[in-house]
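Spelled out, the chains give:
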Amino acid sequence: MCVRAWFARGVGLALALGMATQVAAQEIVSARYDGPTTRYPHNVLGDDIEYDTLAVRLSDGREIAVRWAQDIVFEDLAPRVVDVDGDGAPEVVTIESHETQGARLAVWGLVDGALVQLAATPHIGTRFRWLAPVAIADLDGDGAVELAYVDRPHLAKVLRVWRYAPLSDGRGRMTEVASLDGLSNHRIGWDYIAGGLRDCGQGPELVLADGGWSEVVAVRFDGTSLTRRALGSYSAEALERALGC
C-alpha cells in the first residue's frame, strides 16, 4: 500500500535528552518522543507503546525535555515541528491522551527558556478516543495558522479546524472555527496517518477519505465553512495521486 503518511511509527530525529537553560534567540530545530510506556494500552497505532517525554533540540545544539509523570501520554507518531504563531520560529504540535479523557491536540514552545505547552484543544472526553491530524497551515489566506484534524477517525469521523492566536505572554489560544462530518484519515492499527495538505494552484486543500473509505475527498476552508468535493474512488494509490495534484 502506497500512501503518503504524516509519519511512520517510531520515526524521529535522534536526540539526547537533557535539561539546559535556553539562551536568548534560541529556536527549536527538531523534536522527538522518548520514555516509552504501556500505561495507556489503546493500541490504535498498532502497538501498546506510547511515550511520556517530549524532547527538543535547540539551534545551538542543546536539548531540553518535558515529561508527563502520570495521567497523560503522547499517543502519537512523531512531533510536528512547524511555525504555528507566525513569528518565524517553530513550535511543536503533539497528540496527547489523558487516562480518562482521551486525546487532544497541543502546541508546545519556548517561553522564558522553558519548554511549555502554549495551547491545547479540549480532550475528546472519553478514554481511548483519538484524533488524527490532517494539516497545520494557513488554510484560508488570512495570515493565521489553522490546525485541522479528524476527531475519532474510526467512530465520529468529524473534521475539525482550529485557529491559533498568539497571546501577549508568549502562549496562545486555539478556537474551533469549522467542522464537517463524514471524513476519515486513519484505520485502527495503521502506523501512519493517510492524506494531508495539497495546493494545486488554487489554494490549499485537505485530502482525506470519506467516512466509508469509498472516495478520495478534497476539502477547502474559506475562513468560515468547509466544503468538500469527491476526487474519485478511494485507493491508497488514488489518495497519493490526489496529494500530488
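Each chain carries its own residue numbering, running from 1 in the written order of its sequence. Where local features are concerned, this predicted model is filtered to residues with pLDDT of at least 70; where side-chain atom pairs are given and counted, the filter is 80 or more; whole-chain, interface and lining totals use all residues. Hydrogens are left out, water is left out, and the side-chain values use all remaining heavy atoms of the structure.

The name recorded for the protein chain in an unreviewed UniProt entry is VCBS repeat-containing protein, from Marivita lacus.

A.B. asks: Teacher, can you tell me more about the side chain of His-186 here?
C.D. replies: In DSSP terms, a helix is any run of H or I states spanning at least four residues, a strand is any run of E spanning at least two, and both are numbered starting from the N terminus. Structurally, the position occupied by His-186 is in the loop between strand S13 (183–184) and strand S14 (196–199). Exposure is judged per residue with a 1.4 Å probe applied to protein chains only, and the accessible area is read against the type maximum: over 50% gives exposed, under 20% gives buried, and values in between give partly exposed. Assessed through its relative accessible area of 0%, His-186 is described here as buried. Within 3.5 Å is the distance limit for a polar contact, defined as a pair of N or O atoms, with the added protein rule that one can donate a hydrogen and the other accept it, and that residues adjacent in sequence qualify only through two side-chain atoms. A polar atom in the side chain of His-186 sits 2.9 Å from the backbone oxygen of Trp-190. Once residues within four sequence positions are removed from consideration, His-186 is found in contact with Val-44, Leu-45, Trp-130, Ala-132, Pro-153, His-154, Tyr-192, Ile-193 and Trp-213. Contacts were defined at the residue level, with two residues in contact if any of their heavy atoms lie within 4.5 Å.

A.B. asks: Explain unusual backbone geometry here, please?
C.D. replies: A negative phi angle is the norm for most residues apart from glycine, just as the trans form is the norm for most peptide bonds. Positive phi outside glycine occurs at Asp-112, with the angle close to 50°. For Asp-112, the position within the fold is in the loop between strand S7 (102–111) and strand S8 (114–120). Using a relative accessible area of 81% as the deciding quantity, one classes Asp-112 as exposed. The phi dihedral of Cys-245 falls on the positive side, at around 65°, and the residue is not glycine. Checked against the element boundaries, Cys-245 lands in the segment after helix H1 (236–243).

A.B. asks: I would appreciate a short explanation of the pairing of strand S16 (residues 215–221) in the present structure.
C.D. replies: For a regular strand, side chains alternate in direction, first toward one face of the sheet and then toward the other. Of all 7 residues making up S16, 5 are buried, and the element is well covered by its neighbours. When DSSP locates at least two bridges between a pair of strands, those strands are taken to pair. Of the strand pairs in this sheet, strand S15 (residues 204–210) and S16 are connected by 4 bridges, and their pairing is antiparallel. Across the sheet, Leu-208 pairs through a bridge with Val-217, a residue of S16. Between the end of S15 and the start of S16, which pair antiparallel, lie 4 residues, with Trp-213 showing a positive phi angle near 60°. Bridge analysis of S16 against strand S17 (residues 226–233) gives 7 bridges, and the strand direction is antiparallel. Across the sheet, the residue bridging to Glu-215 is Ser-233, located in S17. Linking S16 back to S17 in an antiparallel pair, the connection comprises 4 residues, with Gly-223 at a positive phi of about 100°.

A.B. asks: Just checking my understanding: could you explain H1 for this structure?
C.D. replies: Within H1, burial applies to Ala-236, Ala-238, Leu-239, Ala-242 and Leu-243. Buried residues of H1, seen end-on, are gathered within an arc of 165° and therefore sit on one face of the element. Summarising the contacts, the buried residues of H1 are in contact with S14, S15, S16 and S17. Cys-245 occupies a position one or two residues after H1 and carries a positive phi of about 65°. This arc is built from the directions going out from the helix axis to the C-beta atoms.

A.B. asks: Please clarify how the nonpolar core should be interpreted in this entry.
C.D. replies: Soluble, globular proteins show a tendency: their nonpolar side chains are buried together. Within this scheme, the nonpolar core is defined by two criteria: the residues are buried Ala, Val, Leu, Ile, Met, Phe, Trp, Tyr or Cys, and they are joined through side-chain atoms within 4.5 Å. With 24 residues, the main nonpolar core has Val-84, Val-107, Trp-130, Leu-147 and Tyr-164 as its most contacted residues. Going through the elements one at a time, strand S6 (91–98), S7, S8, strand S9 (131–137), strand S10 (146–151) and strand S11 (158–166) are the ones with two or more residues in this core. Among the elements that line this core, the one with the most residues is S7, at 4 residues. Within the second largest apolar cluster, 17 residues are counted, among which are Leu-139, Ala-148, Leu-208 and Leu-226.

A.B. asks: What is the right way to look at the state of the cysteines in this model?
C.D. replies: What we call a disulfide is simply a covalent bond connecting the sulfur atoms of a pair of cysteines. Any cysteine sulfur atom paired with another within 2.5 Å is treated as part of a disulfide. In the structure shown here, the tally under the stated rule is 1 disulfide. Here Cys-200 pairs with Cys-245 through a disulfide, and the sulfurs are 1.9 Å apart. In this structure, the disulfide formed by Cys-200 and Cys-245 twists by about -95° around the S-S bond and is classed as left-handed. With a gap of 45 residues between them, Cys-200 in the loop between S14 and S15 and Cys-245 in the segment after H1 connect regions that are remote in the sequence. Judged by its relative accessible area of 38%, Cys-200 falls in the partly exposed class. Given the relative accessible area of 55%, Cys-245 is considered exposed.

A.B. asks: Would you take a moment to explain the sheet that holds S10 for this structure?
C.D. replies: Within a sheet, neighbouring strands are paired by backbone hydrogen bonds and run either parallel or antiparallel to one another. A sheet is described by the order of its strands in space; here 4 strands give the open sequence S9-S10-S11-S12, paired in antiparallel fashion. Among the strands making up the open sheet, the edge pair consists of S9 and strand S12 (172–181). Mean inter-strand twist for the sheet, computed between neighbouring axes without regard to direction, equals 25°. In this structure, S10 lies alongside S11, joined through 6 bridges in antiparallel fashion. Paired with Tyr-149 across the two strands is Arg-160, which belongs to S11. Note on geometry: axes are lines fitted to C-alpha atoms, helical ones only across the stretch in contact, with angles between N-to-C directions running from 0 to 180 degrees.

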